[in-house]
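# Structural overview
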Amino acid sequence: MTEATIRGVPGMKSVLEMPTMQDGPPPGGYPSVRYARRIPSTGPSGFALFGAYCAAAVYGFYQIGQGNKHRRKVLDEKHNARAILVPFLQAEEDRRYVKDYRELKERENTVMKNVQGWNPEAKTYKTTWLSPGAATRPRLI
């Protein structure tokens, strides 16, 4: 087919002589094109996540408080048990100390029995006496 039959213009000599024909939209227009990002909402909102975080933090602090109360009770029980045992342990230590002190004095008397002027009851040092472990004994009460 020739140009003349297509355009309906006989004897066209140049393309420039062609009548212009512009395409237009169909009647009613083209359908709208979706160009925006439309990501579906999957999961909880930010407010819900923040609320869940706050609830978890409050629950955690509550559990810490309960654990502290329990630990304090156990520690008090332990201290009370030790405080009850201290007099018995101290009496046992005093008996052991007196026994060792007597053995030491007997040994000293046997070693120094030939020395003139030796007084076994005289103090060798001028210090204040502390029971063994008095400086390192834990303070319970």
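Whatever comes next refers back to the structure up there.
Residues numbered from 1 in each chain as written. Predicted model: local features only at pLDDT ≥ 70, side-chain atom pairs only at ≥ 80, totals over all residues. Heavy atoms only, no water.

### Structural notes on the overall build of the protein
Across its full length, the protein holds two helices and zero strands. With 141 residues in all, the protein has 3% of them scored as buried. (Helix = DSSP H or I, 4+ residues; strand = E, 2+ residues; numbered from the N terminus. Buried < 20%, exposed > 50% of the residue type's maximum accessible area, 1.4 Å probe, protein only.)

### What about the pattern of salt bridges?
Scanning all chains against the criterion turns up three salt bridges. Note that Glu93 is salt-bridged to Arg96, the shortest N-O span being 2.6 Å. Of this pair, Glu93 and Arg96 are both found in helix H2 (residues 46–111), three residues apart, which corresponds to roughly one turn of the helix. On the basis of relative accessible area, Arg96 is assigned to the partly exposed category, the value being 38%. Taken together, the shared-partner salt bridges in this structure form one network comprising Glu93, Arg96 and Asp100. (Salt bridge = Lys/Arg side-chain N within 4 Å of Asp/Glu carboxyl O.)

### Regarding a nonpolar patch on the surface
On the surface, a nonpolar cluster with roughly 450 Å² of combined accessible area is contributed by Ile84, Leu85, Phe88 and Leu89. Take Ile84: it is sitting in helix H2. (Patch = residues over 30% accessible without salt bridge, like charges linked within 9 Å, V, L, I, M, F, W, Y side chains within 5 Å. Areas by Shrake-Rupley, 256 points an atom, 1.4 Å probe, with all protein chains shown as cover.)

### So, the packing of aromatic side chains
Summed over all chains, the structure comprises one aromatic pair. Ring centres of Tyr97 and Tyr101 lie 6.1 Å apart, and the angle between their planes is 20°; this geometry places the pair in the stacked category. Of the two residues, Tyr97 and Tyr101 both sit in helix H2, four residues apart, roughly one turn of that helix. (Phe/Tyr/Trp six-rings, centres within 6.5 Å; stacked < 30°, edge-to-face > 60°.)

### Focus: a positive patch on the surface
On the surface, a cluster of positive charge is contributed by Lys69, Arg71, Arg72 and Lys73. With respect to the helices and strands, the residue Arg71 is situated in helix H2. (Lys, Arg positive; Asp, Glu negative; His and termini not counted. Charge placed at Lys NZ, Arg CZ, Asp CG, Glu CD.)

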